[in-house]
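Listed here are the chains, written in short residue letters.
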Amino acid sequence: MTHPNQAPIPELYVSEEAASSLKHEAGKMPSWDLTPRQICDLELLMNGGFSPLKGFLTEADYDGVVNDMRLTSGALWPIPVNLDVSEKFADGIEPGTDIALRDQEGVILAIMSVTDKWVPNKAHEAEKVFGADDLAHPAVNYLHNSAGPVYLGGPIKGLQAPTHYDFRGRRNTPNELRAQFKKLGWRRVVVFQTRNPLHRAHQELTFRAAKEAQANLMIHPVVGMTKPGDVDHFTRVRCYEAVLDKYPSATTTLSLLNLAMRMAGPREAVWHGLIRRNHGATHFIVGRDHAGPGKNSAGEDFYGPYDAQDLFRKHQDEIGVEMVDFKHMVYVQERAQYEPADEIEEGVTVLNISGTELRRRLREGLDIPEWFSFPEVVQQLRRTSPPRAQQGFTVFFTGLSGSGKSTIANALMVKLMEMGGRPVTLLDGDVVRKHLSSELGFSKEHRDINIKRIGYVASEITKNGGIAICAPIAPYTATRRAVREMIEQYGAFVEVHVATSLEECERRDRKGLYKLAREGKIKEFTGISDPYEEPRQPELRVDTQDIEVDNCAHQVLLTLESMGLIGLN
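Residues numbered from 1 in each chain as written. Predicted model: local features only at pLDDT ≥ 70, side-chain atom pairs only at ≥ 80, totals over all residues. Heavy atoms only, no water.

(A) Layout of the side chain of H290. Locating H290 in the fold gives a position in the loop between strand 11 (283-286) and helix 11 (307-319). A distance of 2.9 Å separates polar atoms of two side chains, one belonging to H290 and the other to H272. In this structure, H290 is in contact with Q193, G265, A269, H272, F284, I285 and A308, ignoring residues within four places of it in sequence. (Helix = DSSP H or I, 4+ residues; strand = E, 2+ residues; numbered from the N terminus. Polar contact = N/O pair within 3.5 Å; in protein donor to acceptor, adjacent residues only side chain to side chain. Contact = heavy atoms within 4.5 Å.)

(B) Fine view of the nonpolar core. Formed by 73 residues in total, the largest nonpolar core has its most connected members in F50, L83 and L101. Other than its neighbours up to four places away in sequence, L83 contacts W32, L34, Q38, F56, I99, L101, M112, V150, Y151 and L152. One finds A209, L217, C239 and F372 within the second-largest nonpolar core, a separate group that totals 34 residues. (Core = buried A, V, L, I, M, F, W, Y, C linked by side-chain atoms within 4.5 Å. Buried < 20%, exposed > 50% of the residue type's maximum accessible area, 1.4 Å probe, protein only.)

(C) Quick peek at the sheet that holds strand 18 (residues 467-471). Spatial strand order, 17-18-16-19-20: five strands in an open sheet with parallel pairing. A single partner strand is all that each edge strand has here, and the edge strands are strand 17 (424-428) and strand 20 (540-542). Strand-to-strand twist across the sheet, computed as the mean angle between neighbouring axes with direction ignored, equals 15°. Contacts from helix 14 (residues 405-419) reach strand 16 (393-398), strand 17, strand 18, strand 19 (492-498) and strand 20 within the one sheet, and its direction differs from that of strand 18 by about 165°. (Pairing = 2+ DSSP bridges. Axes fitted to C-alpha atoms, helices over the stretch in contact; angles between N-to-C directions.)

(D) Spatial organisation of the packing of helix 16 (residues 444-463) against helix 17 (residues 477-488). Where helix 16 meets helix 17, the closest approach of the two axes is 8 Å, and the angle between their N-to-C directions is 20°. Relative to helix 17, the element helix 16 lies roughly parallel. As for how helix 16 packs across helix 17, the hand of that crossing is right-handed. Residues D448, I451, K452, G455, Y456, A458, S459 and T462 of helix 16 lie in contact with helix 17, whose contacting residues are T479, A482, V483, M486 and I487. Grouping the amino acids of the contact of helix 16 with helix 17 by side-chain chemistry returns seven nonpolar, four polar and two charged. (Parallel < 35°, antiparallel > 145°, perpendicular 65-115°, else oblique. Left-handed = near helix turned anticlockwise from the far one by under 90°. Nonpolar A, V, L, I, M, F, W, Y, C, P; charged D, E, K, R; others polar.)

(E) Highlighting the state of the cysteines. By the definition in use, this model includes zero disulfides. Left without a disulfide partner, C505 is nearest to the cysteine sulfur of C552, which lies 12 Å away. Note on C505: relative accessible area 0%, which makes it buried. (Disulfide = S-S within 2.5 Å.)

(F) Quick peek at the UniProt feature "domain: APS kinase" (unreviewed entry) in the chain. Under the feature "domain: APS kinase" (unreviewed entry), the UniProt entry names residues 391-543. With 44% helix and 17% strand, the stretch residues 391-543 has end C-alpha atoms that lie 28 Å from each other. (UniProt positions renumbered as here; feature names shortened; annotations may be inferred.)

(G) Highlighting the packing of aromatic side chains. According to the stated counting rule, one finds 15 aromatic pairs in the structure shown. Note on Y62 and Y151: the rings are 5.5 Å apart at their centroids and 85° apart in plane angle, and the pair reads as edge-to-face. Here Y151 lies in strand 7 (residues 150-158) and Y62 lies in helix 3 (residues 59-68), a separation of 89 residues in the sequence. What makes Y62 buried here is its relative accessible area of 4%. (Phe/Tyr/Trp six-rings, centres within 6.5 Å; stacked < 30°, edge-to-face > 60°.)

(H) How the structure looks around unusual backbone geometry. Omega for the peptide link from S51 to P52 comes to 15°, which places this bond in the cis form. Following the sequence through the fold, P52 ends up in the loop between helix 2 (36-46) and strand 2 (55-56). Of note, the phi angle at M69 is positive, near 60°, even though the residue is not glycine. Within the secondary structure, M69 is located in the loop between helix 3 and strand 3 (83-85). The exposure class of M69 is buried, given its relative accessible area of 8%. Here A474, not a glycine, exhibits a phi torsion of approximately 45°, which is positive. Along the chain, A474 falls in the loop between strand 18 and helix 17. You can call A474 buried: its relative accessible area is 4%.

Structure, rendered in C-alpha cells:
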C-alpha cells in the first residue's frame, strides 16, 4: 500500500509542446520581472510545493488567509502568496490580462492570467500574519519598504523551472522526493527544517526524533531567502554535507528547499508542515520559537517559545503531518553526551554555546570545542567567517550637510591606510554623485537610490575583505537599515552619527546651501524642508562642534578596535 504522501501531487507545468508555443505568445504580453522572493514563490507554486494553490492568491483567498488562515475553498493556508507589483505596472493591467513572468535574466518562467488587482491594507496584513505591525520584523519591514503597493492574483501556467547552478543533485521537487521515498520503501519520513548550520545537538536531536517516530530522516534546509544576517546557503549546505555521514548509512537524506521564509513563527510552522506534506513527509520537527525573527522593537521576542508548537498541534490532523516535539538537547559533561534538557537531574554540569557565543568565537578566532560541533562543520564556518580582524567592514557616517562627515571620513581613511593590512575605499557623497549617480536629482526616491548604490558598492568591498568608508547624508531610517542588511551579510556595519546640530551646520554653511534652502531656491533640503531621521542606536555618535577632527577620527578607531575589527597595538 502506498502512503498517501507518496502518490504524485499536481504540478502547474504545461507540456513541453504547449510551453514552446506559449513562449512565443508570451513575447507579446506585458511582462513582469520577478524579484528573488517572487521567484522562490513561483517555483513552489509550479512544482506543487504550495499545493493546493493554483497560482497567486485572489483577493478573496488573500482575505481568507490573512484573517482566518483559510482559502475560500475552506482549505488551511496560513501565509499570503501574492504577486506584488509597482503602481506603474499595475496601471496597465486589468483583470482578464495575461502577463509573462520572467526571471532576472529575462527568461519567461510562467504565464499568469490576472483575475484580481487590489491595493492591500499592509498594516492589517502585518498585524494578522506576523502578530504586529512592527518594522523590527524582517517580513514586516519587507512588506512596507520592499514589496510593491499593488497585489495581483490569478492562476499560472508553468513553462519552465528557475535555473539553479548550485547543488543541483540536492534540489528535488515534491514529486521527485515522493517517488524516491516510494522506491526506497520509506513509509515514514521525519523532516527537520533548518536555516542554520547543524551542530552536534541538532544531529543528536534529529537522530532521536527519527528513532522515536520509527521513521527515516530528511534534512530539508531552506536555501531561498531566510533572515538578514543568516549564514549564506553555500556554507550551510557544505556543513550539512559534512554532517550526513554522522548518521547511520541509508537512513538519512538531504534535500534543499528553495523557500522564501517569512519568519512568521506559529503561522510559518503550519506553512512549513503543509509544504513538507507536499514533499512526502509524514512527521515534522517543530522547534522552540520555530521560525521566530528574534526581538521586536521593545526588545522582547515576537512569539512565545511554544506558540508554533501549539498552533501546529491544533491543526495537525488537517496538515496531514504529525508533529515531533523539538527536544532541547544539552551536553552533560559528566557523561560526555547530549541529553534532553527536561530529563536531566540536578547537580550535573551542563555545557552550552549559544548562537551569539558561537558567532563571537568565530569572530575572535577562539576555540570551538568538539563536544559542541563537528570539526568538519567548524572548518566550513571558519572559511566564510574568518576572525573579524581579517574581515572586510563598512564605516557609514550619517549626519546633516556640513556636519563634518567628509572631513572625519577623510581623516579616518588616512589613519587606516597608515595602519595598512586592508585596502580602504572612501565613498564620499559628492564623489559618488559624480561617478555613480550623476543622473539623479535630490527627491526622496532619488536619494534612496543613491544611498542604496553606495550600500551595494560598500557591500562588495566588504565581501572582498576591504574597508569601505561612506559619508552620505542618508536621512532616512529605512534606507540606512536596508544598507546595513546588505553589508552585514559579509562583514560588520559600523554606523557613525555625526550629531552636529542644525544651528551649527547652518552657521558653517561652507557651500552656501542652507542660505539657498532658506530662500526656497533648493527644494527638499535635509534639515530645512525635508526631515532628517536621527539614528536611534548607532555604533557611535560624535559631535564636531567642540571636538577636533583628529579626536573624532580617533573615537571611530577606538570603536573599531572594541569591535575586534582592527588592532591598535
